[in-house]
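What follows is the residue order along each chain.
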Amino acid sequence: MQTAHFFGRLRNCYKLAFRYNLRALTYVSEGRKYRKKDTRDLWDMRIEGACQELNYNAWHMRDALTRSGVYLDRKVLANLAVTEPRTFRAVTAIAAKKSMDCTEDGGLGLRPCGPRIDVDQKI
């Protein structure tokens, strides 16, 4: 029974237990949306913070990585930003290289930005 952890009449009386359980499940459903949004916001803040340290715009990063063929989502990028900063710096360098390429080559055509790492191969 889903009301086994409730206290008193809310656990024992069927009518009250059903009503309170329905209310609890409604809160859980709403909380799930808020928790997902909070997690997305946390990932975005971690990515933006790491990109600011590297002098790069986080909003251009995902587009540039997609154009480069590097398909990493927010969760993975935030994880790299926190746990492996050198790897995140290399990924940011790849995105910055693609951002600075002209639009005819599939880049974004932005001014020089990002970490000063030479990316040798054409991406």
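Model, not experiment: these values are computed from the prediction. Within each chain, residues carry numbers counting from 1 in the order of the written sequence. In keeping with the predicted nature of the model, local features appear solely for residues at pLDDT of at least 70, side-chain atom pairs appear and are counted solely at 80 or more, and the whole-chain, interface and lining totals rest on all residues. By convention in this description, side-chain values take in all heavy atoms of the structure and omit both hydrogens and water.

## A closer look at the packing of helix α2 (residues 14-53) against helix α4 (residues 74-83)
- Lines are fitted to the C-alpha atoms to define the axes, a helix being fitted only along its stretch in contact, and any angle between axes, read from their N-to-C directions, falls within 0 to 180 degrees. A run of H or I in DSSP becomes a helix once it reaches four residues, and a run of E becomes a strand once it reaches two; helices and strands are each numbered from the N terminus. Remark: α2 packs on α4, axes separated minimally by 9 Å, with the N-to-C direction vectors making an angle of 50°. Viewed along their axes, α2 and α4 adopt a mutual orientation that is oblique. At the point where α2 passes α4, the crossing takes the left-handed sense. On α4, the residues touching Arg40, Trp43, Asp44, Arg46, Ile47 and Ala50 of α2 are Arg74, Lys75, Leu77, Ala78, Ala81 and Val82.
- Gly falls in the polar group here, along with every residue not listed as nonpolar (Ala, Val, Leu, Ile, Met, Phe, Trp, Tyr, Cys, Pro) or charged (Asp, Glu, Lys, Arg). Looking at the contact of α2 with α4 residue by residue, the classes come out as seven nonpolar, no polar and five charged. Oblique is the label for any angle not under 35 degrees, not over 145, and not in the 65 to 115 range, which are roughly parallel, roughly antiparallel and roughly perpendicular in turn. Handedness of each helix crossing follows the sense of rotation of the near helix against the far helix: counterclockwise by less than a right angle gives left-handed, clockwise gives right-handed. In what follows, residue pairs with any heavy atoms lying within 4.5 Å of each other are defined as contacts.

## A few points about helix α3 (residues 58-68)
- Buried within α3 are the following residues: Ala58, Met61, Ala64, Leu65 and Ser68. Seen end-on, α3 carries its buried residues on one side only, within an arc spanning 105°.
- Looking at the buried residues of α3, the elements they touch are α2, α4 and α5 (85-100).
- We call two N or O atoms a polar contact when they sit within 3.5 Å, provided that within protein one can donate a hydrogen and the other can accept it, with sequence-adjacent residues counted only if both atoms are side-chain atoms. Regarding α3, its N-cap is asparagine 57, as a side-chain oxygen of that residue lies 3.1 Å from the backbone nitrogen of tryptophan 59 further along.
- At the C-terminal side of α3, glycine 69 shows a positive phi close to 90°. Residue exposure (1.4 Å probe, protein chains only): buried if accessible area is under 20% of the type maximum, exposed if over 50%, otherwise partly exposed. Each direction from the helix axis to a C-beta atom contributes to the arc, which is the arc of those directions.

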